[in-house]
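The lines below spell out each chain.
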Amino acid sequence: MAARARSEERRAEIVRAALEVIAERGYRGATLGAVAERVGLTQQGLLHYFSTKEALLVAVLAERDQWDAVPARSWRLELLQSLVEYNAMRPGIVQTFSALLGESVTEGHPARAYFTERYAAVRPSMETVLRAEYGACLPSGLTPAQAAPLLVAVMDGLQFQWLLDPDAVDMGAAFGHFLTLLEGGVGEGPEQPSANG
């Protein structure tokens, strides 16, 4: 039992080190060698705990999910807005999430099960958020169940656009614009010419 507890502690230490390395060096710089050095292991020793880099990165994302965890009944749209803005302050983790998400669509990828299970849980959670905000029907006429996958898609899609061109995409502002759309509101666009010219 003690050996198992030590092994779990060591795994947790490696995950924390990986988070630090990702924050400092980004997704590509987070090599197994860099993480192993941080915890005083050889790369071979690290592979005893995590068989591949992908397995370690999935553990990092699962740890991040624990940090971001909020009871489902506590989520509100303004809290999602805060989460989007917070993600803009941790590009290494967002890059890791987005890179693994893109790769996970291939058959047999080690992160595929993580993302499949994550989305299976996140969609109903977002449906609950929308139902709490709007009831059975959004101003657009969509139901919370219909809008939930769109909400998730906007959050994750904004991350890809922001990573590719952070100067052109303000994630927080863009997500705010999406919330305006959900509410059926009209943003401040260019003035439309009057019918009289």
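Residues numbered from 1 in each chain as written. Predicted model: local features only at pLDDT ≥ 70, side-chain atom pairs only at ≥ 80, totals over all residues. Heavy atoms only, no water.

Student: Explain helix α6 (residues 91–103) here, please?
Tutor: Residues spaced three or four apart along an α-helix face the same direction, because each turn holds 3.6 residues. End to end, α6 covers 18 Å across 13 residues, agreeing with the expected 18 Å (1.5 Å per residue, within 8%). Listed as buried for α6 are Gly92, Ile93, Val94, Thr96, Phe97, Ser98, Leu100 and Leu101. (Helix = DSSP H or I, 4+ residues; strand = E, 2+ residues; numbered from the N terminus. Expected span 1.5 Å × (residues − 1). Buried < 20%, exposed > 50% of the residue type's maximum accessible area, 1.4 Å probe, protein only.)

Student: Sorry if this is basic, but what is going on with the environment of Leu138 here?
Tutor: The residue Leu138 is located in the loop between α7 (112–134) and α8 (144–164) in this model. Look at Leu138 and you get buried, because its relative accessible area is 2%. Separated by 45 residues in sequence, Leu138 and Glu183 have C-alpha atoms that sit 7.2 Å apart. Apart from the residues within four sequence positions on either side, Leu138 is in contact with Leu130, Thr143, Pro144, Ala147 and Leu182. (Contact = heavy atoms within 4.5 Å.)

Student: Sorry, what's going on with the confidence of the model for the chain here?
Tutor: When pLDDT drops low, the exact placement of atoms in the prediction is not to be read closely. Here the chain shows a mean pLDDT of 88. Residues at 70 or above account for 89%. Element-level mean pLDDT values for the chain span from 85 in helix α4 (residues 53–68) up to 96 in α8. (pLDDT = per-residue confidence, 0-100.)

Student: I tried to follow the nonpolar core on my own but got confused; where do I start?
Tutor: Side chains of a nonpolar character, in soluble globular proteins, are inclined to be buried together. Within the largest apolar cluster, 55 residues are counted, with the highest numbers of intra-cluster contacts made by Leu56, Leu80, Phe115, Leu130 and Phe175. Where this core is concerned, the elements lending two or more residues are α1 (2–29), α2 (32–38), α4, α5 (77–87), α6, α7, α8 and α9 (171–182). Beyond its immediate stretch of four places on either side in the chain, Leu130 contacts Leu77, Gly135, Leu138, Pro144, Ala147, Ala148, Leu151 and Leu182. (Core = buried A, V, L, I, M, F, W, Y, C linked by side-chain atoms within 4.5 Å.)

Student: What is the right way to read α1 from this model?
Tutor: Here α1 spans only 34 Å end to end across 28 residues, well under the 40 Å set by a 1.5 Å rise per residue. At Ala23, α1 shows its largest bend, some 90°. Of the positions making up α1, those classed as buried are Arg10, Ile14, Val15, Ala17, Ala18, Leu19, Val21, Ile22, Gly26 and Tyr27. (Bend = angle between axes of the 7 residues up to and from the residue.)

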